[in-house]
Amino acid sequence: MTSIAENIALTLTRIREAEAQSRRSPHSVKLLAVSKTRPASELREAYAEGIRDFGENYLQDALAKIELLADLDISWHFIGPLQSNKTRPVAEHFHWVHSVDRLKIARRLSEQRPESMPPLNLCVQVNISEELNKSGVLLDEAEELVREIGKLDNLRIRGLMAIPQAGLSEQQQRQTFGRLHNLLEHLKTVSPNLDTLSMGMSQDMNAAVAEGATIVRIGTAIFGARN
Ligand SMILES: *Cc1c(COP(=O)(O)O)cnc(C)c1O
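Residues numbered from 1 in each chain as written. Predicted model: local features only at pLDDT ≥ 70, side-chain atom pairs only at ≥ 80, totals over all residues. Heavy atoms only, no water.

### Brief notes about the packing of aromatic side chains
Each pair of aromatic rings is reported with the distance of its centres and the angle of its planes. The full count for this structure, using the stated rule, is two aromatic pairs. Relative to tryptophan 76, the ring of phenylalanine 54 lies with its centre 6.0 Å away and its plane at 40°, an arrangement referred to as tilted. Of the two residues, phenylalanine 54 is situated in strand 2 (residues 53-56) and tryptophan 76 in strand 3 (residues 75-78); the sequence distance between them amounts to 22 residues. As far as burial versus exposure is concerned, phenylalanine 54 and tryptophan 76 are alike and both buried. A centroid spacing of 5.5 Å and a plane angle of 90° characterise the contact between phenylalanine 78 and phenylalanine 94, whose relative ring orientation is edge-to-face. With phenylalanine 78 in strand 3 and phenylalanine 94 in the loop between helix 4 (87-93) and strand 4 (96-100), the pair connects residues that are 16 residues apart, well separated along the chain. For phenylalanine 78, a relative accessible area of 1% puts it in the buried group. Positioned above the aromatic ring of tyrosine 47, the side-chain terminus of arginine 52 is 3.6 Å from the ring centre. (Phe/Tyr/Trp six-rings, centres within 6.5 Å; stacked < 30°, edge-to-face > 60°. Helix = DSSP H or I, 4+ residues; strand = E, 2+ residues; numbered from the N terminus. Buried < 20%, exposed > 50% of the residue type's maximum accessible area, 1.4 Å probe, protein only. Lys NZ or Arg CZ within 6 Å of the ring centre and 35° of its normal.)

Rendered as structure tokens:
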């Protein structure tokens, strides 16, 4: 096996173990392979191992890979900061955006989503550790943004995404992810269709699965360290 294949097998085993430990049903957590900075050939390798969801942060780099891999049945997730003048290619080429934190961005994605395509799936990014200069809305701003996005055409609001601050203990990671989980449960009372908690990366995926993640975004543990 190549190391990407081994890493994927290991990551899936870790996810299935974490699901079992927290008494969650098998396959309730989706593995999103974060392929930013990696060449298209490595995505092909991951695809051959059954990965169908890829996460990208850098738009130009992502668009090049989307073109190179057009023969594959991939669901593309935009997970990086999104500037309002860059929304059109995202609306035209991606299936998901995890990093929406302003209504202006959502409005543009809604207007620019081609009518021939299914609705674009969105998550609202929450600045869960309330760090300065970090993307995402504050916890108490999320409800308003979710409500407003819910009124827009061509979009499907799915849930919440967060990146906790670095360097937390496992217990602190769990508390932090637990706050996002509680917020989603609260929002479901106003938007019953919400079903997604995008949380957990290579270093904190166990805590995220224990606290209810439905999508974990894993880069390093699959493709190795980035430069
Ligand atoms: C890079 C990145 C990841 C993956 O992080 P790893 O630590 O490499 O698993 C996940 N989510 C976002 C938003 C990222 O930018």
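### A few points about the site of the ligand
For the ligand, the full set of nearby residues is Val34, Lys36, Asn57, Ile79, Ile163, Met201, Ser202, Arg217, Ile218, Gly219, Thr220 and Arg226. Lysine 36 places a side-chain nitrogen or oxygen 2.7 Å from an oxygen atom of the ligand. Within the side chain of arginine 226, a nitrogen or oxygen atom sits 2.8 Å from an oxygen atom of the ligand. With the chains in place, 90% of the 390 Å² that the ligand exposes on its own is no longer accessible. The class makeup of the residues in the shell around the ligand is five nonpolar, four polar and three charged. (Near = heavy atom within 4 Å. Polar contact = N/O pair within 3.5 Å; in protein donor to acceptor, adjacent residues only side chain to side chain. Areas by Shrake-Rupley, 256 points an atom, 1.4 Å probe, with all protein chains shown as cover. Nonpolar A, V, L, I, M, F, W, Y, C, P; charged D, E, K, R; others polar.)

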